[in-house]
Amino acid sequence: MTAAKWKMSKTKAWVLFTLWAFVIVFVSAFFLAGPAVLQSYDDAHHVQLSCVISSAEASSGSTRSAGGVGASVPQVVIESGECGRFVLREGVTADNSDDIASGFEIGEKYDLEAGDGSLKMRGLLGVFGASPELLGYRRS
């Protein structure tokens, strides 16, 4: 049995090559530049939410890196029935994460500050197991 030859016009081959090159560039840019762009947008576009806290617990998460290697970082995971799940990393250390988590009063209303981009892309972040990061908080 002989192997079938792939015959393709030069135009079709060029279109296929261009399409695959675009997909590779787009996916690479999405994973390498996307987090930095989202962070910059969030820094410039803060949103205030008023939420009742249902839980807050200390944990550790991982950072993202363009080189593909991340580090484990302490964080506090905050849940709210009406606002969803957030992570707090700013100012959280291994030594104070339990204290910060226990400082949240369950059932009380807090003003939470988050980035608008992360909130709008919450569904996509969830696909990757990530939650929007809190930029600030205070009890209402």
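Here the residue index of a chain counts from 1 through its sequence in written order. Whole-chain, interface and lining totals are the exception, using all residues; otherwise, since this is a predicted model, local features are given only for residues with pLDDT of at least 70 and side-chain atom pairs are given and counted only at 80 or more. The basis for the side-chain values is all heavy atoms of the structure; hydrogens and waters are excluded.

Caption draft 1: Fine view of the state of the cysteines. Defined by distance alone, a disulfide is two cysteine sulfur atoms within 2.5 Å. For the coordinates displayed, the defined rule picks out one disulfide. The residue that forms a disulfide with C51 is C83, at a sulfur-sulfur distance of 1.9 Å. Here the disulfide of C51 and C83 is left-handed, its torsion about the S-S bond being about -90 degrees. Highlighted residues: C51 in strand 1 (residues 46-62) and C83 in the loop between strand 2 (72-80) and strand 3 (84-88), separated in sequence by 32 residues. The helix count covers DSSP runs of H or I at least four residues long, the strand count covers runs of E at least two residues long, and both are numbered beginning at the N terminus.

Caption draft 2: The pattern of salt bridges, seen in detail. The salt bridge criterion pairs a side-chain nitrogen of Lys or Arg with a carboxyl oxygen of Asp or Glu, the two atoms within 4 Å. The final tally for this structure, using the stated rule, is six salt bridges. The residue E105 makes a salt bridge to R139 at a minimum N-O spacing of 3.0 Å. With E105 in the loop between helix 3 (97-103) and strand 4 (109-115) and R139 in strand 5 (residues 134-139), this pair connects stretches of sequence that are 34 residues apart. For R139, the salt bridge identified is with E108, shortest N-O distance 2.8 Å. One end of the pair, R139, is in strand 5; the other, E108, is in the loop between helix 3 and strand 4, and 31 residues separate them in sequence. The buried label applies to any residue whose accessible area, calculated with a 1.4 Å probe on protein chains only, is under 20% of its type's maximum; exposed applies above 50%, and partly exposed to all values in between. Looking at R139, the relative accessible area reads 39%, which means it is partly exposed. Through salt bridges that share partners, E105, E108 and R139 make up one connected network.

Caption draft 3: Quick look at the nonpolar core. Nine residue types can take part in a nonpolar core, namely buried Ala, Val, Leu, Ile, Met, Phe, Trp, Tyr and Cys, and a core is a set of them joined through side-chain atoms within 4.5 Å. Ranked by size, the top nonpolar core spans 16 residues in total, and within it V76, I78, L88, F104 and L112 carry the most contacts. Contributing elements (two or more residues each) for this core: strand 1, strand 2, strand 3, helix 3 and strand 4. We call two residues contacting when some pair of their heavy atoms lies within 4.5 Å. Those residues in contact with L88, other than ones at most four positions away along the chain, are Q75, V76, I78, I100, F104, L134 and Y137.

Caption draft 4: Here's a closer look at the environment of V92. Inspection of the secondary structure assignment puts V92 in the loop between strand 3 and helix 3. Here the alpha-carbon distance between V92 and V76, two residues 16 residues apart in the chain, equals 7.5 Å. Residues in contact with V92, not counting those within four places in the same chain, are P74, Q75, V76, S97 and I100.

Caption draft 5: Spotlight on the confidence of the model for the chain. Of the residues in the chain, 89% reach a pLDDT of 70 or more, and the chain-wide mean stands at 87. In the model of the chain, helix 5 (residues 122-127) stands out as the element of lowest mean pLDDT, 84, in contrast to strand 4, which has the highest, 96. Each residue carries a pLDDT score, the predictor's confidence in it, ranging from 0 to 100.

Caption draft 6: Focus on the side chain of S80. Note on placement: S80 falls in strand 2. Leaving out residues up to four positions away in the same chain, S80 has contacts with C51, V52 and S54.

Caption draft 7: Seen up close, the packing of aromatic side chains. Working definition: a ring pair exists when centres of Phe, Tyr or Trp rings (six-membered ring for Trp) sit within 6.5 Å. Plane angles under 30 degrees give stacked, over 60 give edge-to-face, the rest tilted. Under the defined criterion, the tally for this structure stands at four aromatic pairs. When the centroid spacing of 5.1 Å and the interplanar angle of 50 degrees are considered together, the rings of F104 and Y110 count as tilted. For F104, a relative accessible area of 4% corresponds to the buried category. Measuring from ring centre to ring centre gives 4.7 Å for F104 and Y137, while their planes differ by 35 degrees; the resulting arrangement is tilted. Linking F104 in the loop between helix 3 and strand 4 with Y137 in strand 5, this pair joins segments that are 33 residues apart in sequence. Here, a charge over a ring means that NZ of Lys or CZ of Arg falls within 6 Å of the ring centre while also lying within 35 degrees of the ring normal. Positioned over the ring face of F86 is R122, at 4.7 Å from the centre of the ring.

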